[in-house]
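If you want the building blocks of each chain, they are given just below.
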Amino acid sequence: MAAAMASQGERAVLEEEFKWLLQEEVHAVLRQLQDILKEASHRFALPTSGSGGAVKQENFVLSTSGADQVKGVMTLQGDALCQADVNLKMPRNNQLLHFAFREDKQWKLQQIQDARNHVNQAIYLLMNRDVNYQFKTGLEVLKLMDAVMLQLSRARNRLTTPATLTLPEIASSGLTKMFTPTLPPDILVNFYINLNKLCLTVYQLHVLQPSTTKNFKPAGGSVLHNPGAMFEFGSQRYEVSHVHKVECVVPWLNDALVFFTVSLQLCQQLKDKISVFSSYWNYRPY
């Protein structure tokens, strides 16, 4: 009899603790998540509806620890590269080529745009209820955390996992038409975000003659193609002869990645607390 009463008492304590968790702690965590993710969203420096003023421009010098075959200065404005100035030293004859964006052109960085959209969707999920709303079950909280974590994981992955492109896709992208003077047919360029870095890859090509004894094998998709990669574009076959990659750290991208990590940890911690109640005396607060 005493054991049964103790069990009932323990269960009552658990129920009170769980009620406090749903009514108090969950809302405190949600407010904390909203604050962190709003800071993350602001780091992307994109205009929001109703906000005035132009987005600030930031200049970045692209460099590499290797030979200085490529040098570049990029101007980033929110999710757009609005200016690019690239110098390329040709290894065959040390000829210096210079390319810059046309004044009427800018290049949208889809990775940044997508990451911010996912962050804003996570914020929407956290705020999409009345201020006095009360959660009734743990399952309800778990579903919300899963939905928020999905958006945050997608935001992080957009920055940490650049798109894999084939060389023909790079050759046919609008980026090749951004420059003045026009890029020669034996030069390809690609911009992308990798973690907290803005990267520029320059591919130098040579034409494969019909009489070549090389076995032509088109390269598949990749973030970074290596020398020797082959592809066909138009009526011509090419081989990559040299690859140059330069990059720079974008501090606010690093901030955003930290905010994503902290937010995902908070979501997981709340999920763990909810799940703890299911492990005691077959107590199911769902």
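This structure is a prediction, so every number in the text was calculated from the model and none was measured.

The rules behind each value
Residues numbered from 1 in each chain as written. Predicted model: local features only at pLDDT ≥ 70, side-chain atom pairs only at ≥ 80, totals over all residues. Heavy atoms only, no water. Pairing = 2+ DSSP bridges. Helix = DSSP H or I, 4+ residues; strand = E, 2+ residues; numbered from the N terminus. pLDDT = per-residue confidence, 0-100. Contact = heavy atoms within 4.5 Å. Axes fitted to C-alpha atoms, helices over the stretch in contact; angles between N-to-C directions. Phe/Tyr/Trp six-rings, centres within 6.5 Å; stacked < 30°, edge-to-face > 60°. Buried < 20%, exposed > 50% of the residue type's maximum accessible area, 1.4 Å probe, protein only. Lys NZ or Arg CZ within 6 Å of the ring centre and 35° of its normal. Core = buried A, V, L, I, M, F, W, Y, C linked by side-chain atoms within 4.5 Å. Domains from an automatic or database assignment. Salt bridge = Lys/Arg side-chain N within 4 Å of Asp/Glu carboxyl O.

Observations concerning the pairing of strand β10 (residues 236-249)
Reasoning step 1: Bridge count between strand β8 (residues 197-207) and β10: 11 bridges; the pairing is antiparallel. Considered in β10, the bridge of L198 is made with C248.
Reasoning step 2: In this structure, strand β9 (residues 230-233) lies alongside β10, joined through 4 bridges in antiparallel fashion. Residue pairing in the sheet places F233 in a bridge with Q236 of β10.
Reasoning step 3: Between the antiparallel neighbours β9 and β10 lie 2 residues, among them G234 with a positive phi of about 65°.

So, the confidence of the model for the chain
The predicted coordinates of low-pLDDT regions are not to be read in fine detail.
Reasoning step 1: Averaged over every residue, the pLDDT of the chain is 85; the share at 70 or more is 88%.
Reasoning step 2: The secondary-structure element of the chain with the lowest mean pLDDT is helix α1 (residues 2-43), recorded at 80, while helix α3 (residues 138-160) shows the highest, at 95.
Reasoning step 3: Per-residue pLDDT stays below 50 along residues 1-6; that stretch engages in 0 contacts with residues further than four places along the chain or on separate chains.

Some thoughts on the sheet that holds strand β7 (residues 187-194)
Reasoning step 1: Taken together, the 4 strands give an open sheet; going across it, the order is β7-β8-β10-β9, and neighbouring strands pair in antiparallel fashion. At either end of the open sheet lies a strand with only one pairing partner, and these are β7 and β9. Direction aside, the axes of adjacent strands within the sheet are offset by 40° on average.

Quick notes on the side chain of H118
Reasoning step 1: Inspection of the secondary structure assignment puts H118 in helix α2 (residues 110-127).
Reasoning step 2: When neighbours within four sequence positions are excluded, H118 is seen to be in contact with Q151, R154, A155 and R158.

Points about the packing of aromatic side chains
Reasoning step 1: Following the criterion strictly, the structure yields 6 aromatic pairs and no others.
Reasoning step 2: Ring centres of F99 and F179 lie 6.5 Å apart, and the angle between their planes is 80°; this geometry places the pair in the edge-to-face category. Within this pair, whereas F99 is found in strand β4 (residues 96-101), its partner F179 is found in strand β6 (residues 179-180), the two being separated by 80 residues in sequence. In this structure, F99 and F179 share a single accessibility class: buried.
Reasoning step 3: Ring geometry for F231 against Y238: centres 5.3 Å apart, planes inclined by 20°, an arrangement best described as stacked. For the pair F231 and Y238, a shared accessibility class is recorded, and that class is buried.
Reasoning step 4: Pairwise contacts between aromatic rings join F99, F101, F179 and F191 into one cluster.
Reasoning step 5: Sitting above the plane of the F216 ring, R237 keeps its charged end 4.0 Å from the centroid.

Side note on the nonpolar core
Reasoning step 1: One finds F44, M74, M145, F179, F191, L200 and F260 to be the most contacted residues of the largest nonpolar core, which totals 68 residues.
Reasoning step 2: Counting the residues that make up this core, at least three belong to each of domain 1 (9-45 + 111-159 + 253-282) and domain 2 (86-105 + 163-249).
Reasoning step 3: If near-sequence neighbours (up to four positions away) are discounted, M145 is found in contact with L30, L33, L126, C267, L270 and K271.
Reasoning step 4: Core analysis: the second largest hydrophobic core is formed by 10 residues, I170, L188, A229 and Y238 among them.

Here's the deal with the environment of V131
Reasoning step 1: Note on placement: V131 falls in the loop between α2 and α3.
Reasoning step 2: Since its relative accessible area comes to 72%, V131 is described here as exposed.
Reasoning step 3: Each C-alpha atom, one on V131 and one on H27, is 9.5 Å from the other, the two residues being 104 residues apart in sequence.

Re the pattern of salt bridges
Reasoning step 1: One pass over the full model with this rule turns up 10 salt bridges.
Reasoning step 2: Between K197 and E247 there is a salt bridge; the shortest N-O distance is 3.1 Å. With K197 in strand β8 and E247 in strand β10, this residue pair connects regions lying 50 residues apart in the sequence.
Reasoning step 3: For K197, a relative accessible area of 29% puts it in the partly exposed group.
Reasoning step 4: A relative accessible area of 24% places E247 in the partly exposed class.
Reasoning step 5: Through salt bridges with shared partners, a single ionic network connects E39, R43 and D255.

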